[in-house]
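Commentary on secondary and tertiary structure
Read off the chains here:
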Amino acid sequence: MTRTTTQGLRDRSRWTGLRYLLLTVAAVAFAFPFYFMVVGAFQQSPTNTPDALVPTSGWTLDNFAQIDARIDLGGSLVNSLVFTLGVLCGTVVFGLLAGYAIAQLDFRGRGAVWVLMLLVQMVPFQLLMIPLYVQVTRGYGLGDSYLGMILPFAINTTAVFIFAQFFRALPREMFEAARIDGAGELRILRTIAVPLVKPALATVVLVTFIGPWNEFLWPFLITKDASMQPLAVSLANYISNVAQSTANPNGAILAGATTLAFPVVVLFCLFQRYFTASDLGSAVKG
């Protein structure tokens, strides 16, 4: 081994160590607020002092009991779950169908549909919120209902874009061979296309779940009955109205925030293994 090669290996090792150090520092910086939230949710008096950041005593579940007594934590979680799963089902179903049609089917106006979809993404939801509110509540009579919360988010153009891009990366020979064998488009989508776009499906599920799960403004507008409000709305009402009247307001607020964040973290851990590139070339011989 020459001196130049040895020096190159040392430099590479030094840069690798520096890169891992920077990544570790960044990971700790991003994880610290979440750690503080979780620890504070189980403390009798959460503070940001060094002793409180690594507590050895003072653990309690009273913070969760306090917030549950005021906003029905279980009921709000169920409302958030129904709202999120409804949006998730609509987004995945319509996104797969629309993305497959745009990417793999030839029909008149396909380019115009693609451009229109991109234009829709440029329109902020807040601009359409008041007309949607009037239409959903007065036109459809869906105020204070799950369907009223779900309907504006049932079709997500971002999901359509993601699925379309993944479907375009699939070899067209697979679809042509399936059509020659007599398979219909829905069967091709179900048995060939969907299994090959699991990374896209995982991405859409995670991104779609986070959106409605943390959504505040639209459920706040559409629901006046407290028993129908999702957790994000109930928690905001609790913070603005009754949090300061409790014995440990910071602990109760952190307990509610932990409850709101926990399902997203679990979902990310479950779907993390799907965030890998799929092997598309092995599906085509020759």
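Attention in this report is confined to the structure presented alongside it. (Residues numbered from 1 in each chain as written. Predicted model: local features only at pLDDT ≥ 70, side-chain atom pairs only at ≥ 80, totals over all residues. Heavy atoms only, no water.)

With that out of the way, let us pick up unusual backbone geometry. The phi angle of most residues is negative, glycine excepted, and most peptide bonds adopt the trans form. Here Asp72, not a glycine, exhibits a phi torsion of approximately 55°, which is positive. Tracing the backbone shows Asp72 in the loop between helix H3 (62-71) and helix H4 (73-104). The backbone phi angle of Asp144 is positive, close to 55°, even though this residue is not glycine. Residue position: Asp144 is located in the loop between helix H6 (125-139) and helix H7 (146-150). (Helix = DSSP H or I, 4+ residues; strand = E, 2+ residues; numbered from the N terminus.)

A few words now on the packing of aromatic side chains. The geometry of an aromatic ring pair comes down to the distance between the two centres and the angle between the two planes. Going through the model one piece at a time under the given rule, you end up with ten aromatic pairs. Between Phe83 and Phe153 the ring centres are 6.0 Å apart and the planes differ by 70°, which places this aromatic pair in the edge-to-face class. In this pair, Phe83 sits in helix H4 while Phe153 sits in the loop between H7 and helix H8 (157-169), placing the two residues 70 residues apart along the sequence. Note on accessibility: Phe83 and Phe153 belong to one class, buried. Residue placement shows Arg168 over the ring face of Trp114; its charged tip is 4.3 Å from the ring centre. (Phe/Tyr/Trp six-rings, centres within 6.5 Å; stacked < 30°, edge-to-face > 60°. Buried < 20%, exposed > 50% of the residue type's maximum accessible area, 1.4 Å probe, protein only. Lys NZ or Arg CZ within 6 Å of the ring centre and 35° of its normal.)

Here the focus is the pattern of salt bridges. Overall, the coordinates contain three salt bridges when judged by the stated rule. With its nearest N and O atoms 3.4 Å apart, the salt bridge here joins Asp106 to Arg110. A residue is classified by how much of its surface remains accessible, and Asp106, at 64% relative accessible area, is exposed. Since its relative accessible area comes to 26%, Arg110 is described here as partly exposed. Across the pair Arg179 and Glu176 runs a salt bridge, and its minimum N-O distance is 3.4 Å. Of the two residues, Arg179 and Glu176 are both situated in helix H9 (residues 172-180); the distance of three residues between them amounts to about one turn of the helix. (Salt bridge = Lys/Arg side-chain N within 4 Å of Asp/Glu carboxyl O.)

Turning to the side chain of Thr258, a few remarks are in order. Within the secondary structure, Thr258 is located in helix H14 (residues 249-271). Within polar-contact distance, the side chain of Thr258 engages the backbone oxygen of Leu254 at 2.8 Å. Contact partners of Thr258, with chain neighbours within four places excluded, come to Met37, Val38 and Ala41. (Polar contact = N/O pair within 3.5 Å; in protein donor to acceptor, adjacent residues only side chain to side chain. Contact = heavy atoms within 4.5 Å.)

Moving on to the nonpolar core. The biggest cluster of nonpolar side chains holds 35 residues, and the ones touching the most others in it are Tyr100, Phe163, Phe167, Leu170, Phe175 and Ala193. Only H3, H4, H8, H9, helix H10 (185-196), helix H11 (198-214), helix H13 (231-241) and H14 provide two or more residues apiece to this core. Ignoring sequence-local partners within four residues, the contact set of Phe163 consists of Val92, Gly95, Leu96, Gly99, Ala200, Leu201 and Val204. With ten residues, the next largest nonpolar core counts Val136, Met149, Ile150 and Ile222 among its residues. (Core = buried A, V, L, I, M, F, W, Y, C linked by side-chain atoms within 4.5 Å.)

With respect to the helices, strands and loops of the structure, Ala41 is situated in helix H1 (residues 3-41). Residues Ala41 and Thr60 lie 19 residues apart in sequence; the distance between their C-alpha atoms is 8.4 Å. Dropping the residues within four chain positions of it, Ala41 is found in contact with Thr60, Asn63, Phe64, Gly251, Leu254, Ala255 and Thr258.

Before going further, it helps to spend a moment on a nonpolar patch on the surface. Together, Trp15, Leu18, Leu21, Leu22 and Val25 make up an exposed nonpolar region whose accessible area comes to about 540 Å². Here Trp15 lies in helix H1. (Patch = residues over 30% accessible without salt bridge, like charges linked within 9 Å, V, L, I, M, F, W, Y side chains within 5 Å. Areas by Shrake-Rupley, 256 points an atom, 1.4 Å probe, with all protein chains shown as cover.)

Here H10 contains twelve residues, and its C-alpha end-to-end distance of 15 Å stays within 8% of the 16 Å for a straight helix at 1.5 Å per residue. For H10, the complete set of buried residues consists of Ile188, Leu189, Ala193 and Leu196. Projection of H10 onto a plane perpendicular to its axis shows the buried side chains occupying an angular sector of 95°, all on one side. For H10, exposure combined with an orientation more than 90 degrees from the buried face picks out Leu186, Arg187 and Arg190. Its buried side turned inward, H10 meets H4, H8, H9 and H11. (Expected span 1.5 Å × (residues − 1). Arc of directions from axis to C-beta.)

What follows concerns the side chain of Ser76. One can find Ser76 in helix H4. If sequence neighbours within four positions are ignored, Ser76 has contacts with Ile71, Gln229, Pro230, Leu231 and Ser234.

Of the pockets and cavities examined, the largest pocket occupies roughly 660 Å³. Along its surface, the largest pocket is lined by 22 residues, and Phe125, Pro152, Ile155, Asn156 and Thr157 are the ones closest to its centre. Listing elements by their share of the lining of the largest pocket, those giving two or more residues are H4, helix H5 (110-121), H6, H8 and H11. Among the residues forming the lining of the largest pocket, the class breakdown is 14 nonpolar, seven polar and one charged. (1 Å grid on protein atoms, 1.4 Å probe; cavity = no way out; pocket = protein on both sides within 12 Å on 5 of 7 lines; lining within 4 Å. Points joined across faces, edges and corners; volume = space filled by probe spheres on them. Nonpolar A, V, L, I, M, F, W, Y, C, P; charged D, E, K, R; others polar.)

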